[in-house]
Each structure stands twice: as C-alpha cells, then as structure tokens.
Amino acid sequence: MKINWFPGHMTKALRELKVEVKNVDVIIYVLDARAPLASLNPELDKISDKKPILFVLNKCDLADNSKIDKLLKDNVLKVKYENSSVIKLNATSSGAINIVFNEIKKLCKEKIEKNISKGINFFLRAMVVGVPNSGKSTLVNNLCGKTKALTGNKAGVTRGKQWVTVGTNFQILDTPGTLYPNLENQSVARKLAYIGSIRDEILDKNELACDFIFDIRKQYPQAIAKRYNIDEEGLPYEVLEKIAMARKLLLKGGEVDYDRASIVLIDDFRKGKLGNITL
Ligand SMILES: Nc1nc2c(ncn2[C@@H]2O[C@H](COP(=O)(O)OP(=O)(O)OP(=O)(O)O)[C@@H](O)[C@H]2O)c(=O)[nH]1
Ligand SMILES: [Mg+2]
C-alpha cells in the first residue's frame with residue numbers, strides 16, 4: 001500500500017500559512033509525541049519566515065516519555081531551528097495554558113520589552129501549525145478557555161483558518177492540519193497513518209494493521225501480547241488472527257473478522273491502550 005494524502009484544502013492551507021506568517025510574532029508547531037519526527041513536515045520549514053517557533057510535543061500522556069526526554073536532551077529540534085524552544089505537553093490538561101504562554105513570552109521577550117519601555121501593554125499573535133490530528137484545535141480551545149474550534153479524533157477536522165482572542169494580550173490562529181505534498185518516505189507515511197494524521201478511509205485497514213504489528217514488535221515487543229493476552233509470534237496476519245480470536249471477532253460462519261481486528265488494534269494504539277509508545 002502506497003500512502004499519500006494531500007487533498008485540495010491542504011494546498012490552500014499551505015498557501016494561506018505563507019501569507020499569515022507575516023502577521024504573527026511566533027509559530028506554535030504542534031507535533032505528535034507518538035511520532036515526533038514523522039510529524040515534522042518539511043513543507044512547514046518553508047513557511048517559518050524566520051519567526052520564533054515553539055515546538056509542542058503534544059499527547060505526551062500517550063507517548064514514551066523516555067524517548068521524548070532523549071529527543072529534548074539531544075536538542076534535535078533546537079539545533080535545526082534557531083530561536084526556538086521545545087516543550088512536552090498534554091493539550092487537554094489544565095496546566096497547558098501557563099506552560100505555553102510562558103514559553104511564548106520568553107520567545108517574544110524583545111517585543112514585550114520594547115512595548116513595556118514605550119509604556120504600552122504587549123500584544124502577541126501566534127499561529128498554530130502541524131500535521132492533521134496532532135491536537136492544534138484542542139490546544140487553541142484550552143488556551144482560550146472556550147470551545148471555539150471544532151476538534152475530533154480523525155484527520156482533517158479543521159478546514160479553514162480561525163483567529164481566536166485570548167484575554168487582552170494574545171491572539172491565536174488555528175489552522176487546518178497539513179501534510180507533505182509528496183510523502184515519499186513510506187516509513188514516515190505509516191507512522192502518520194498510525195497516529196491518525198492520514199484519512200482512515202483511504203487506507204487498507206488490514207495492511208495498516210499488519211504494518212503496525214511489524215513496526216511495533218521491533219520497538220515494543222510484548223505490547224500486543226500483554227494487551228490481548230496472546231503470544232505475538234508469527235507473521236503479522238497470524239498475530240491479527242490471534243487478536244481476532246482473543247476478542248471473539250468472528251464473521252457469521254466462524255471465520256476470523258480481519259477488518260474488525262484491524263480496527264480494534266489501531267484504535268487501541270490511538271487510545272494509549274497498548275501502553276506509552278513513541279515510534
Ligand atoms: N490524549 C490526548 N489527546 C489529545 C491531546 N491533544 C489533543 N487530543 C485529542 O486528539 C484529537 C485531535 O485533536 P484536534 O485538536 O481536533 O486535532 P487538530 O490538530 O486540530 O486536527 P485537524 O484539525 O484535523 O488538523 C482529539 O480527539 C483530541 O481530544 C493530548 O495532549 N492528549
Ligand atoms: Mg483542528
């Protein structure tokens with residue numbers, strides 16, 4: 001299965017990001033901490049316009065924090081981008097607001113000091129970008145304390161940009177998730193599919209589940225075995241079969257229901273039921 005998803009609204013969104021970036025003081029780049037490097041879209045490099053970037057490793061409640069801490073320690077993102085900082089976050093948590101605003105203020109220290117020296121209150125504009133389903137709208141809603149932006153656990157929920165005012169000091173722009181126009185690296189593409197950044201409807205469920213079993217066993221042996229109380233030996237489709245048997249996912253004639261087993265497996269991963277994982 002060759003995975004590539006770049007619908008028309010993303011071309012428009014990328015074009016608009018390039019314009020809107022001129023109007024903002026800082027970019028909030030929401031990455032999915034379950035696949036942090038795959039969710040670093042090279043297309044978004046082109047829109048930074050040398051603005052400060054706050055990288056948010058989001059969904060850290062579902063991710064493997066030892067891997068995330070190593071990424072932070074090795075400065076993988078900061079080395080690549082000057083004037084940036086990186087935080088890990090759970091965008092649904094109440095503490096997210098202070099963490100994010102404090103980091104933004106640090107990144108925009110110069111502008112704030114300039115305003116204060118002129119005796120005026122500071123006002124900062126931020127633009128939230130990232131691959132689909134990384135939690136951008138959830139973060140925007142949390143920051144403004146209201147459900148202004150529509151959210152949902154699937155790719156492509158936000159279709160247009162939306163400015164939201166937060167108190168008297170901040171304005172935040174929520175944007176649609178954007179992907180790579182040419183998703184050549186299929187290992188990256190698979191990770192994006194697992195985390196729900198690619199529209200599920202265009203993917204072959206069984207192939208995705210088998211690829212997932214293959215990938216996850218290399219890095220997290222026993223994660224599947226533990227969850228379904230099975231042994232995870234054998235070819236990926238045999239493991240899928242064992243999951244179906246363990247969960248009694250059978251078709252009318254008693255045959256294994258591979259489709260339902262595939263959905264259960266991917267859904268369990270997305271909900272964190274296979275443990276804290278970072279691929
Ligand atoms: N566990 C967990 N779930 C989160 C977190 N942040 C967001 N979510 C969930 O992830 C799903 C996607 O969130 P959205 O805010 O709609 O993602 P988005 O980046 O705006 O998605 P698009 O608009 O499609 O680009 C929702 O079900 C959220 O509840 C987080 O930090 N932890
Ligand atoms: Mg959204």
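Residues numbered from 1 in each chain as written. Chains lettered and ligands numbered in written order. Predicted model: local features only at pLDDT ≥ 70, side-chain atom pairs only at ≥ 80, totals over all residues.

Asks: How should I be thinking about the overall build of the protein in this particular structure?
Replies: Across its full length, the protein carries twelve helices and six strands. Referenced to the eigenvectors of the C-alpha coordinate spread, the extents of the protein come out at roughly 75 × 35 × 35 Å. The buried share of the protein, taken over its 279 residues, is 41%. Within the protein, residue pairs in contact and separated by at least 24 positions form 68% of the contacts whose partners lie at least 6 positions apart. (Helix = DSSP H or I, 4+ residues; strand = E, 2+ residues; numbered from the N terminus. Buried ≥ 20, exposed ≤ 12 C-beta atoms within 10 Å, placed from the backbone. Contact = placed C-beta atoms within 7 Å.)

Asks: Looking at this model, I keep getting lost on helix α6 (residues 109-117). Mind explaining?
Replies: An α-helix turns once per 3.6 residues; consequently, residues spaced three or four apart project the same way. The buried fraction of α6 amounts to zero of the nine residues, a small share that puts the element mostly on the outside. Positive phi appears at G119, one or two residues downstream of α6, with a value of about 80°.

Asks: What is the right way to read the sheet that holds strand β3 (residues 84-88) from this model?
Replies: In a beta sheet, neighbouring strands pair by backbone hydrogen bonds and run either parallel or antiparallel. Across the sheet, which stays open at both edges, the six strands sit in the order β3-β2-β1-β4-β6-β5 with mixed pairing between neighbours. Both outer strands of the open sheet, β3 and β5 (162-166), are each paired with one neighbouring strand and no more. Within this sheet the neighbouring strands show an average axis-to-axis angle of 25°, counted without direction. One ladder, built from five bridges, connects β5 with strand β6 (residues 170-174); its direction is antiparallel. Its bridge partner being in β6, T165 is matched across the sheet by Q171. Each of β1 (26-32), β2 (53-58), β4 (124-129), β5 and β6 is contacted by helix α7 (residues 136-144), which is oriented at about 160° to β6, the strand it contacts most. (Pairing = 2+ DSSP bridges. Axes fitted to C-alpha atoms, helices over the stretch in contact; angles between N-to-C directions.)

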